[in-house]
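# Chain and residue survey
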Amino acid sequence: MTDHFLDATGLKCPIPVLRARKAMKSLAIGDILEVHATDLSAEMDFKNFCETTGHELVSFDERDDMLVMKIKKI
């Protein structure tokens, strides 16, 4: 298992999810993608993304004005 990082700060919906989808394609099963985003709608977007793709939303955190999500490729 390998951890990967995607900086989506400053990007508005739907760009963070689209970039995450693209990044997930190159990951191996079991890898984790950590996404940092500042668009508050990203919380619902990433929950929906994981539900529709089958990936696991491992964690969701708010740090100051930033959302931090960890997604495991299934």
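Below: a short report on this structure. The numbering scheme is per chain: residues are counted from 1 as the chain's sequence reads. Side-chain atom pairs in this predicted model are given and counted only at pLDDT of 80 or more, local residue features only at pLDDT of at least 70, and totals for whole chains, interfaces and linings cover all residues. With hydrogens and water set aside, each side-chain value is computed from the structure's full complement of heavy atoms.

Once that is clear, we can look at the side chain of His-55. Numbering of helices and strands runs from the N terminus; a helix is a DSSP stretch of H or I covering at least four residues, while a strand is a stretch of E covering at least two. One can find His-55 in the loop between helix 2 (42–53) and strand 3 (56–63). A contact between two residues is defined here by any heavy atoms of the two lying within 4.5 Å. Excluding anything up to four places from it in sequence, His-55 contacts Met-24, Phe-49, Cys-50, Ile-71, Lys-72, Lys-73 and Ile-74.

This part is about helix 1 (residues 15–25). Any residue under 20% of the maximum accessible area for its type is buried, any over 50% is exposed, and the rest in between are partly exposed; the area is computed with a 1.4 Å probe on protein chains only. All of the buried residues in helix 1 are Pro-16, Val-17, Ala-20 and Met-24. One side of helix 1 holds all its buried residues, which, seen down the axis, span an arc of 95°. Exposed side chains of helix 1 directed beyond 90 degrees from the buried face belong to Lys-22 and Lys-25. In this structure, the buried residues of helix 1 make contact with strand 1 (3–8), strand 2 (32–37), helix 2 and strand 4 (66–72). When we speak of the arc, we mean the arc of directions from the helix axis to the C-beta atoms.

Attention shifts here to the pattern of salt bridges. Basic side-chain nitrogens of Lys or Arg form a salt bridge, by our definition, when they fall within 4 Å of a carboxyl oxygen of Asp or Glu. Inspection of the entire model under this criterion finds two salt bridges. Notably, a salt bridge pairs Glu-34 with Lys-70, separated by 3.7 Å at the nearest N-O pair. Here Glu-34 is found in strand 2, whereas its partner Lys-70 is found in strand 4, with 36 residues between them in sequence.

So, on to the sheet that holds strand 1. Strand pairing is assigned whenever DSSP detects at least two bridges linking the two strands. The strand order 1-2-4-3 describes an open sheet built from four strands, whose pairing is mixed. In this open sheet, the two strands that pair with only one neighbour each are strand 1 and strand 3. For this sheet, the mean inter-axis angle between neighbouring strands, taken without regard to orientation, is 15°. Where strand 3 meets strand 4, seven bridges bridge the pair, whose relative direction is antiparallel. Bridge assignment links Ser-59 to a residue of strand 4, and that residue is Lys-70. The sheet contacts of helix 2 involve strand 2, strand 3 and strand 4, and relative to strand 4 the element is tilted by about 5°. Only the stretch in contact is used when a helix axis is fitted, and all axes are lines through C-alpha atoms; the angle between N-to-C directions ranges over 0 to 180 degrees.

A separate point is the nonpolar core. The criterion is simple. A nonpolar core is a set of buried Ala, Val, Leu, Ile, Met, Phe, Trp, Tyr and Cys residues joined through side-chain atoms within 4.5 Å. Of all hydrophobic cores here, the largest spans 16 residues; its most connected members are Leu-33, Val-35, Phe-46, Phe-49 and Ile-71. Looking at this core, the elements that each hand over two or more residues are strand 1, helix 1, strand 2, helix 2 and strand 4. Per-element tally for this core: the top contributor is helix 2, with four residues. Residues within four places of Leu-33 in sequence aside, it is in contact with His-4, Phe-5, Leu-6, Ala-20, Ala-23, Met-24, Leu-27, Met-69, Lys-70 and Ile-71.

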